[in-house]
Amino acid sequence: MVSMLVYYRRQEQMEIFKKLSRELFAYLSEEELQLQCFAAPRMLREFLEQQPLLDLACVGIMGQEEIVLLQNIRKLYTKAEILLVADAAVSPMEYLTPAVRAASLLLYPYTGKQHRQVFREFMENYLAGRGQADNGEFLVIENREGRTRIPLQQIYYIEVRERKVFIRIQGKEYSKYDTLEHVLEQLPDHFIRCHRSFAFNLQHLDKIRLSENAVYLEHGIMVPLSRSYKQSVKECVHGTNRE
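**Looking at the overall build of the chain**
Within the chain, the regular secondary structure consists of 6 helices and 15 strands. With respect to the three principal axes, the spread of C-alpha positions in the chain is 65 × 35 × 25 Å. Going through the 243 residues of the chain one by one, you find that 47% of them count as buried. Expressed as a percentage of contacts within the chain between residues at least 6 apart in sequence, the contacts between residues at least 24 apart total 59%. Summed over its atoms, the accessible surface of the chain is roughly 12,600 Å², and 48% of this surface lies on carbon and sulfur atoms. If the 32 positive side-chain charges of the chain are averaged to one point and the 32 negative ones to another, these points end up 3 Å apart.

Set out below in structure tokens:
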């Protein structure tokens, strides 16, 4: 499954991009495309607050508000591929920056042939490099929903229950049949085992409360800390806030 965001304040153009994205992706790939489309900045901000998975983004740039949104997208999704649709009134100095790292650019106004060609090349390039980009930056899971790449930086914790492994990002979890031991073998050292059924991402650690047998992560997410793992967790997070 590939997740894509389409944002453009021009509602009519946003609908065109939505339809074109579905059509081209279905032609180029057998994977499922999950689309989230917005024409209002407020709705896009609310979407980004949940930090869902995102592989591709098409962002219409009409002014400073979109520049801020674009910068936030890049900050949250360092590995996502971004296609910019920029209004001619906006200076390229605002969006063609190393901090944004856009993969493709389409200038408004444009012809139907131009936007179709740019969208197609954008998707073809993404799909061509998709397999090569799985080198330790993503956890790839396959289940009934298809193949999903989860950026390691977005994983808060991993839990095993009912013979399945659940990978938790901020607002959602993904599951597959596996063991915690096997999944941890695929992950870097900052994923710390804290319980027979749990491991957490040290990069999202807020605090450890030994008296509560609990590990608190960002956004108030809590995972249990069992007695048998207390010492090893303390050694891994030496110097971190704990009570």
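**Quick notes on the pairing of strand β1 (residues 2-7)**
One face of the sheet, then the other: side chains in a regular strand alternate in exactly this way. Extensive coverage of β1 is indicated by the burial of 6 of its 6 residues. Residues Val2, Met4 and Val6 of β1 are buried on one face, and the alternating residues Ser3, Leu5 and Tyr7, pointing to the opposite face, are buried as well. The pairing of β1 with strand β2 (residues 33-38) spans 6 bridges and is parallel. Bridge pairing links Met4 to Leu35 in β2. For the crossover that starts at β1, traverses helix α1 (residues 11-28) and ends in the parallel β2, the hand is right-handed. One ladder, built from 4 bridges, connects β1 with strand β3 (residues 56-61); its direction is parallel. Among the inter-strand pairings, Met4 is bridged to a residue of β3, identified as Leu56.

**Some thoughts on the nonpolar core**
Considering soluble globular proteins, one finds that nonpolar side chains tend to be buried as a cluster. In this structure, Met4, Val6, Phe17, Cys58, Leu83, Val85 and Phe119 are the most contacted members of the largest nonpolar core, which totals 23 residues. Mapped onto this core, the elements with two or more residues apiece are β1, α1, β2, β3, β4 (81-87) and α4 (112-130). Setting aside its immediate chain neighbours within four residues, Val6 contacts Met14, Phe17, Ser21, Leu35, Gln36, Cys37, Phe38 and Cys58. Counting residues in each nonpolar core, the second largest holds 22 residues, with Ile67, Tyr77, Leu84 and Ala86 among its members.

**Things to note about the side chain of Arg74**
By the secondary structure assignment, Arg74 is in helix α3 (residues 64-76). Here Arg74 occupies a buried position and makes no salt bridge, while the nearest side chain of opposite charge, Glu81, is found at 5.9 Å. At 2.7 Å, the side chain of Arg74 forms a polar contact with the backbone oxygen of Val100. Polar side-chain contacts of Arg74 include one of 3.1 Å to the backbone oxygen of Arg101. Leave out the neighbours within four places in its chain, and Arg74 touches Lys79, Ala80, Ile82, Ala99, Val100 and Arg101.

**As for the sheet that holds β4**
Pairing is parallel across the open sheet formed by 5 strands, whose spatial order is β2-β1-β3-β4-β5. Sheet topology places β2 and β5 (104-108) at the edges, where each strand pairs with a single neighbour. Going across the sheet, the axis of each strand differs from the next one's by a mean of 15°, ignoring polarity. Docked against the sheet, α3 engages β1, β3 and β4, running at close to 165° with respect to β3.

**Quick word on the pattern of salt bridges**
This model, assessed by the stated rule, comprises 13 salt bridges. With a closest N to O distance of 2.9 Å, Arg120 and Glu124 form a salt bridge. Of this pair, Arg120 and Glu124 both sit in helix α4, 4 residues apart, which is roughly one turn of the helix. Residue class for Arg120 comes out partly exposed when judged on its relative accessible area of 31%. Exposure remark for Glu124: the relative accessible area of 32% places this residue in the partly exposed category. Here Arg193 makes a salt bridge to Glu181, at a shortest N to O gap of 3.2 Å. With Arg193 in strand β11 (residues 191-195) and Glu181 in helix α5 (residues 180-185), the pair connects residues that are 12 residues apart, well separated along the chain. Judged by its relative accessible area of 18%, Arg193 is buried. By sharing partners, the salt bridges in this structure join Glu159, Arg161 and Glu173 into a single network.

The rules behind each value
Within each chain, residues carry numbers counting from 1 in the order of the written sequence. The predicted origin of the model limits local features to residues at a pLDDT of at least 70 and limits the giving and counting of side-chain atom pairs to 80 or more, whereas totals for whole chains, interfaces and linings rest on all residues. Think of the side-chain values as coming from all heavy atoms in the structure, minus any hydrogens and water. Going along the chain from the N terminus, every DSSP run of H or I of four or more residues is numbered as a helix, and every run of E of two or more is numbered as a strand. Exposure categories follow from relative accessible area, calculated using a 1.4 Å probe and restricted to protein chains: below 20% of the type maximum is buried, above 50% is exposed, and the middle band is partly exposed. By definition, residues are in contact when any of their heavy atoms lie within 4.5 Å. Per-residue accessibility takes into account occlusion by the displayed protein chains alone, with areas from the Shrake-Rupley method and a 1.4 Å probe. Positive charge is attributed to Lys and Arg, negative charge to Asp and Glu, and no charge count is given to His or to the chain ends. Charge positions come from single atoms, namely NZ of Lys, CZ of Arg, CG of Asp or CD of Glu. Paired strands, in this sense, are two strands between which DSSP finds at least two bridges. Crossovers are marked right-handed if the path from the first strand over the helix to the second runs clockwise, as seen with the strands pointing away from the viewer. Among buried residues, those of type Ala, Val, Leu, Ile, Met, Phe, Trp, Tyr and Cys that are joined through side-chain atoms within 4.5 Å constitute a nonpolar core. A carboxyl oxygen of Asp or Glu within 4 Å of a side-chain nitrogen of Lys or Arg is what we treat as a salt bridge. Two N or O atoms count as a polar contact when they lie within 3.5 Å, although within protein this holds only if one can serve as hydrogen donor and the other as acceptor, and sequence-adjacent residues are included solely when both atoms are side-chain atoms. Angular values range over 0 to 180 degrees, each being the angle between N-to-C directions of two axes fitted as lines to C-alpha atoms, with helices fitted over their stretch in contact.

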